[in-house]
Amino acid sequence: MRPRLPVLVAALWWGSLTTIGFLVVPLLFAYLPSPSLAGQMAARLFAAQTWVAVVCCVLLLLLSRPRHGVTHYPWARVAMLFVLGGLLLALLNQFGVAPRIVARQDLRLWHSVGTVMYAVQWGCALAVFWQTLRPGSHTAVEERSASD
């Protein structure tokens, strides 16, 4: 089961970003009675998504190397840059950009910045998910599990 955990965590991160950002939030603006109400709900969903991203990134960092190993698993060598980048983007979006959007401070600018940061975080999550799916990316785990 342990070799599959990074794949599941990366899938959760990427899938939650995809679902919230590209399905749920557009539906809020399409079907709720006012853009203001949709914006309030979207802010709450994006805040929850931030914590999903933080938990997933921390788990991926913890799963990136064997328990007593010094080097990262093959999937993690490339993915760590994307994990850290996605984590940073999630936190910057939540604590730097979102408060400005909620305060309606230069709304067009900050909404554009937040959208770009969310899209780049989505790309980071996709890159991590892709790396965890590569054949042979968990061989060190599988060999170690077989010997335990």
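Residues numbered from 1 in each chain as written. Predicted model: local features only at pLDDT ≥ 70, side-chain atom pairs only at ≥ 80, totals over all residues. Heavy atoms only, no water.

*Asks:* A description of a nonpolar patch on the surface should follow, citing residues and the corresponding values.
*Replies:* A surface patch of nonpolar side chains, amounting to about 350 Å² of accessible area, comprises Val55, Val58, Leu59 and Leu62. Looking at the element boundaries, Leu62 is found in helix α2 (residues 35–62). Classification of Leu62 by relative accessible area gives exposed; the value is 61%. (Patch = residues over 30% accessible without salt bridge, like charges linked within 9 Å, V, L, I, M, F, W, Y side chains within 5 Å. Areas by Shrake-Rupley, 256 points an atom, 1.4 Å probe, with all protein chains shown as cover. Salt bridge = Lys/Arg side-chain N within 4 Å of Asp/Glu carboxyl O. Helix = DSSP H or I, 4+ residues; strand = E, 2+ residues; numbered from the N terminus. Buried < 20%, exposed > 50% of the residue type's maximum accessible area, 1.4 Å probe, protein only.)

*Asks:* Tell me about helix α1 (residues 5–31), and name the residues and values.
*Replies:* In an α-helix there are 3.6 residues to a turn, and that puts residues three or four apart on one side. The terminal C-alpha atoms of α1, which comprises 27 residues, lie 36 Å apart, in line with the 39 Å expected from a rise of 1.5 Å per residue. At Ile20, α1 shows its strongest bend, of approximately 35°. Those residues of α1 not exposed but buried are Pro6, Val7, Val9, Ala10, Trp13, Ser16, Leu17, Ile20, Gly21, Val25 and Leu28. In this structure, the buried residues of α1 make contact with α2, α3 (74–102) and α4 (107–133). (Expected span 1.5 Å × (residues − 1). Bend = angle between axes of the 7 residues up to and from the residue. Contact = heavy atoms within 4.5 Å.)

*Asks:* Before we move on, can you summarise unusual backbone geometry with the specific residues and values?
*Replies:* Residues other than glycine seldom take positive phi values, yet Arg104 does so here, at roughly 60°. Turning to its location among the elements, Arg104 is positioned in the loop between α3 and α4. Here the phi dihedral of Asp106 falls at roughly 45°; this positive angle occurs in a residue that is not glycine. With respect to the helices and strands, the residue Asp106 is situated in the loop between α3 and α4.

*Asks:* Outline the packing of α1 against α4, listing residues and values.
*Replies:* Where α1 contacts α4, the axes come no closer than 9 Å and their chain directions differ by 150°. In terms of their interaxial angle, α1 and α4 are classed as roughly antiparallel. Handedness of the α1/α4 crossing: left-handed. Side by side, α1 and α4 meet where Pro6, Val7, Ala10, Ala11, Trp13, Trp14, Ser16, Leu17, Thr18, Ile20, Gly21 and Phe22 of the first sit next to Tyr118, Gln121, Trp122, Cys124, Ala125, Leu126, Val128, Phe129, Thr132 and Leu133 of the second. A per-class count over the contact of α1 with α4 returns 17 nonpolar, five polar and no charged. (Axes fitted to C-alpha atoms, helices over the stretch in contact; angles between N-to-C directions. Parallel < 35°, antiparallel > 145°, perpendicular 65-115°, else oblique. Left-handed = near helix turned anticlockwise from the far one by under 90°. Nonpolar A, V, L, I, M, F, W, Y, C, P; charged D, E, K, R; others polar.)

*Asks:* How would you sum up the packing of α1 against α2? Please name residues and give values.
*Replies:* Running from N to C, α1 and α2 point in directions that differ by 175°, and their axes come no closer than 10 Å. One element, α1, and the other, α2, form an angle in the roughly antiparallel class. Counted by class, the contact of α1 with α2 contains 23 nonpolar, four polar and no charged residues.

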